[in-house]
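# Notes for the structure review
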Amino acid sequence: MTSTNLFNDDWLELQRKYWDSWTDMSRKAMGPDTETKTTTPWEAAMDQWWKAMAPAVPDLSRSFMEKMMEQGKNFFRLADTFSKRADEGKAANGFELWTKTLEDMQKRFTGSLDDSGNGMQRLMSFWELPLDNWQRMMSSLSPMPGDVLRNMPHDQFKDSLDRALSAPGLGYTREEQSQYQELMRSAMEYQAALQEYTNVYTQLGMKSVERMGSYIQGVIDSGKTIDSARALYDNWVACCEAAYAEEVATPEYARIHGRLVNAQMALKKRMSILVDENLGALNMPTRSELRTLQDRLQETRRENKALRHSLHDLERRVAALAGEEPAIKPATALRSPAPAAAKAPVRRRTTKTNPAD
Amino acid sequence: MFPIDIRPDKLTQEMLDYSRKLGQGMENLLNAKSIDTGVSPKQPVYSEDKLVLYRYDRPEGAPEAQPVPLLIVYALVNRPYMTDIQEDRSTIKGLLATGQDVYLIDWGYPDQADRALTLDDYINGYIDRCVDYLRETHGVDKINLLGICQGGAFSLMYSALHPDKVRNLVTMVTPVDFKTPDNLLSAWVQNIDIDLAVDTMGNIPGELLNWTFLSLKPFSLTGQKYVNMVDLLDDPDKVKNFLRMEKWIFDSPDQAGETFRQFIKDFYQNNGFLNGGVVLGGREVNLKDITCPVLNIFALQDHLVPPDASKALKGLTSSPDYTELAFPGGHIGIYVSGKAQKEVTPAIGKWLNER
């Protein structure tokens, strides 16, 4: 399949038929047992559609398209949740129904709504965006995929681990034991910091649902209705962003944010110490040694450049006194064609682990 | 009444439209191929370590170049091609059109070997040598300096330490008061142990900075904008424009560790322009030592450098010729929006030409 015939009219017609059949399915699904339905046919349809297209898409464009697909799902998910309730609204009190929808969203944030891991849970995964950003960033700085400590059990083992880690090391390997204990303590602190950070987002999720409630109330008061998935999604984003902006401007958030970054750095530093120890044992140069060399080299280069500059200045003065042009060109002249600025090759981890999985 | 009236058939139609746009737009994405940035012809005239100083070619029909060259100092964060991102959105082109002889410092991509570069190395080293090169090449005592964002803070420091080499100073979206109440970045960084971060990482990875910037508006910047993008997919030019911006946003060089350490501590944590205590090469930076004309440009909807952070410059220098220009846009829009092309660059050129 080539890019030129990938999206021709026949294919789009097939698409249309596919969506039409989904519409029928969807209508049937909105029977009295809607609450127990956990399937989302449209989501399956989008996945199927993407599966058909993806092989023809180059890697670079694929990740970009996937972002658009994922966000598209997010806003249809939101619309799906509310539109099902709208259907029920014909036979029931509309006010109660949308209030219940918002309550379900809040319950989802607190983890007290069991919807078999479907619908509402995936809708709420939208609120994982900030955490997802953190995870991607962590992944790019770590030899491990994703943020490996994120889902590690923590609270239930904390006391016993604390006790074990406070026991002093003994014997010939005392220092080594001590270093591993420090590493474990750092890992525990990081995990606790991440937990605290995650909790902020749970609270934030609930606050944005409250804002959404106020917004919907405003729509009711104005006698209007929201009649498109896109409008609903845009307003949901605005509510989330507003709740977020308010929360992250507080000193408490700054403290939690700082704790997370500091804990991560402390853990990484502990790991680096152990790596250096092992490199030293293998008679390899360590990061610490390289840094000492870098510092000394930079100091030498700094002096060298300052001396060259002074020398050039002196030459100019001498030449001026003698009424001549400087004998040599300034040290700043381009000596060779400058290479195009290129980013140094760095390792980039591209695999993403979905935190919602 | 239920306030949300999204019927299944309407929802289906929206989904169909969405997937149709996505599918048709894929053609444009596939055809986009490589994304060109930095469109104006330029020549490298000086290089040192990873730094390259470029001189932009005078376009046909442009007025005769002014005798005093203009040096643009960009931030270490992100890449300077933002100033010349596409044909019809280029600050560089706008400046050339006003007769400026434009030079720009490209800092390159620092790696671990550059970890020990200090703020002093950047200001009194790299920038000063570029300035000296221009002074000698053009046979002038002083040059014009234009600093962008963090590069504006660098330009302020440079102008304070070397007032004898700067004829006019232009600062764009430049933080001066780093602790205005609406400065989220500043609020967040107060509790971060910068020494620990730099000692651990050496250089500060671009990914860490990206995460910080995206965290300012996570839902809009990492979610909603891709939905908005679908609406643009049918226009090949708009697709390319979007991809150019996307490339720029995520093209984040690592930050030389020692410079980052000092910049964050001296400015974000100690607000050094206001409180003093910034020492480079054994000399303290005092903005009162700036005597040249100053044009201070800020963006009214800037969420990275709030307007008040820039406006604080007023009264801090000794310049008898201080001008402010407020642009109704954001931190990036001031370079890439159509309005900026019409308002900002001509104003800079006019201001410089008058001096």
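Residues numbered from 1 in each chain as written. Chains lettered and ligands numbered in written order. Predicted model: local features only at pLDDT ≥ 70, side-chain atom pairs only at ≥ 80, totals over all residues. Heavy atoms only, no water.

### What about the environment of Gly282(B)?
For Gly282(B), the position within the fold is in the loop between strand S9 (279–280) and strand S10 (283–284). Separated by 36 residues in sequence, Gly282(B) and Ser318(B) place their C-alpha atoms 22 Å apart. (Helix = DSSP H or I, 4+ residues; strand = E, 2+ residues; numbered from the N terminus.)

### A short note on unusual backbone geometry
Residues and elements named next belong to chain B. Non-glycine residue Asp49 carries a positive phi angle of around 50°. As for its placement among the helices and strands, Asp49 is situated in the loop between strand S1 (42–48) and strand S2 (51–56). Given the relative accessible area of 35%, Asp49 is considered partly exposed. Phi at Cys149 takes a positive value of approximately 55°, unusual for a residue other than glycine. Within the secondary structure layout, Cys149 lies in the loop between strand S7 (143–148) and helix H4 (150–161). (Buried < 20%, exposed > 50% of the residue type's maximum accessible area, 1.4 Å probe, protein only.)

### Section: helix H14 (residues 338–353) of chain B
Residue and element names in this part refer to chain B. With 16 residues, H14 ought to run about 22 Å at 1.5 Å a step, and its terminal C-alpha atoms sit 23 Å apart, in line with that. Ala340, Gln341, Val344, Thr345, Ile348, Gly349, Trp351 and Leu352 are the residues of H14 that are buried. Relative to the axis of H14, the buried residues are bounded by an arc of 165° and lie together on one face. With respect to the buried face of H14, the exposed residues turned more than 90 degrees away are Lys342 and Lys350. (Expected span 1.5 Å × (residues − 1). Arc of directions from axis to C-beta.)

### Observations concerning the environment of Pro320(B)
Within the element layout of this structure, Pro320(B) appears in the loop between helix H12 (307–311) and strand S12 (322–327). C-alpha of Pro320(B) to C-alpha of Gln66(B): the two residues are 254 residues apart in sequence and 23 Å apart in space.

### Digging into the UniProt feature "coiled-coil region" (unreviewed entry) in chain A
Per the UniProt record, "coiled-coil region" (unreviewed entry) is found at residues 290–324 of chain A. Summarising residues 290–324 of chain A: 91% helix, 0% strand, and an end-to-end C-alpha distance of 46 Å. (UniProt positions renumbered as here; feature names shortened; annotations may be inferred.)

### As for the UniProt feature "domain: AB hydrolase-1" (unreviewed entry) in chain B
Summarizing the sequence annotation, UniProt attributes the feature "domain: AB hydrolase-1" (unreviewed entry) to residues 69–335 of chain B in the numbering used throughout. Measuring from the first to the last C-alpha atom of residues 69–335 of chain B gives 20 Å, for a span that is 44% helix and 16% strand.

### Side note on the packing of aromatic side chains
Geometry of an aromatic ring pair is reported as the spacing of the ring centres plus the angle between the planes. All names here are of chain B. Under the defined criterion, the tally for this structure stands at 16 aromatic pairs over all chains. Ring geometry for Phe178 against Phe263: centres 5.9 Å apart, planes inclined by 80°, an arrangement best described as edge-to-face. Pair noted here: Phe178 is in the loop between strand S8 (166–172) and helix H5 (184–189) and Phe263 is in helix H10 (residues 257–269), with a separation of 85 residues, a long-range link. The residues Phe178 and Phe263 share a single accessibility class, namely buried. Aromatic side chains Phe263 and Phe267 sit 5.1 Å apart centroid to centroid with 40° between the ring planes, which places their arrangement in the tilted category. Here Phe267 and Phe263 lie together in helix H10, a separation of four residues that amounts to about one turn. Exposure class is identical for Phe263 and Phe267. Each is buried. Counting every residue linked through ring pairs, the aromatic cluster contains Trp107, Tyr122, Tyr126, Phe154, Phe178, Phe263, Phe267, Tyr268 and Phe273. (Phe/Tyr/Trp six-rings, centres within 6.5 Å; stacked < 30°, edge-to-face > 60°.)

### A short note on the pattern of salt bridges
A side chain with one charge can pair with a side chain of the opposite charge if their charged atoms come near. Throughout the structure, instances matching the rule amount to 35 salt bridges over all chains. In this structure, Arg301(A) engages Asp49(B) in a salt bridge whose closest nitrogen and oxygen atoms are separated by 2.3 Å. One end of the pair, Arg301(A), is in helix H11 (residues 287–321); the other, Asp49(B), is in the loop between S1 and S2, on a second chain. Measuring nitrogen to oxygen at the nearest pair gives 3.3 Å for the salt bridge that ties Lys50(B) to Asp111(B). Placement of the pair is Lys50(B) in the loop between S1 and S2 and Asp111(B) in the loop between strand S6 (102–106) and helix H3 (119–138), with a sequence separation of 61 residues. Judged by its relative accessible area of 30%, Lys50(B) is partly exposed. On the basis of relative accessible area, Asp111(B) is assigned to the partly exposed category, the value being 26%. (Salt bridge = Lys/Arg side-chain N within 4 Å of Asp/Glu carboxyl O.)

### Points about the pairing of S8(B)
Residue and element names in this part refer to chain B. With respect to burial, S8 is a largely interior element, six of its seven residues being buried. Sheet topology note: the S7/S8 ladder contains six bridges and is parallel. Pairing of Leu145 across the sheet is with Leu169, part of S8. Bridge count for S8 against strand S11 (residues 294–299) is four bridges, and the pairing is parallel. Bridge pairing links Leu169 to Val294 in S11. (Pairing = 2+ DSSP bridges.)

### A look at the nonpolar core
Ranked by size, the top nonpolar core spans 115 residues in total, and within it Leu53(B), Leu71(B), Trp107(B), Phe154(B), Met157(B) and Phe273(B) carry the most contacts. Top element by residues in this core is helix H8 (residues 174–221) of chain A. It accounts for 13 residues. (Core = buried A, V, L, I, M, F, W, Y, C linked by side-chain atoms within 4.5 Å.)

### Section: the sheet that holds S8(B)
Residues and elements named next belong to chain B. Pairing within the open sheet is mixed, and its eight strands lie in the order S1-S2-S6-S3-S7-S8-S11-S12. The open sheet terminates on both sides in strands that have one partner only, identified here as S1 and S12. Each neighbouring strand pair of the sheet contributes to a mean axis angle of 20°, computed without reference to strand direction. As paired elements, S1 and S2 share six bridges and run antiparallel to each other. Paired with Glu48 across the strands is Leu51, a residue of S2. (Axes fitted to C-alpha atoms, helices over the stretch in contact; angles between N-to-C directions.)

### Some points on H10(B)
Residues and elements named next belong to chain B. Among the 13 residues that make up H10, 11 are buried, leaving the element largely enclosed by the rest of the structure. Regarding H10, the residues found buried are Gly257, Thr259, Phe260, Arg261, Gln262, Phe263, Ile264, Asp266, Phe267, Tyr268 and Gln269. Just downstream of H10 lies Asn271, where phi reads positive at about 50°.

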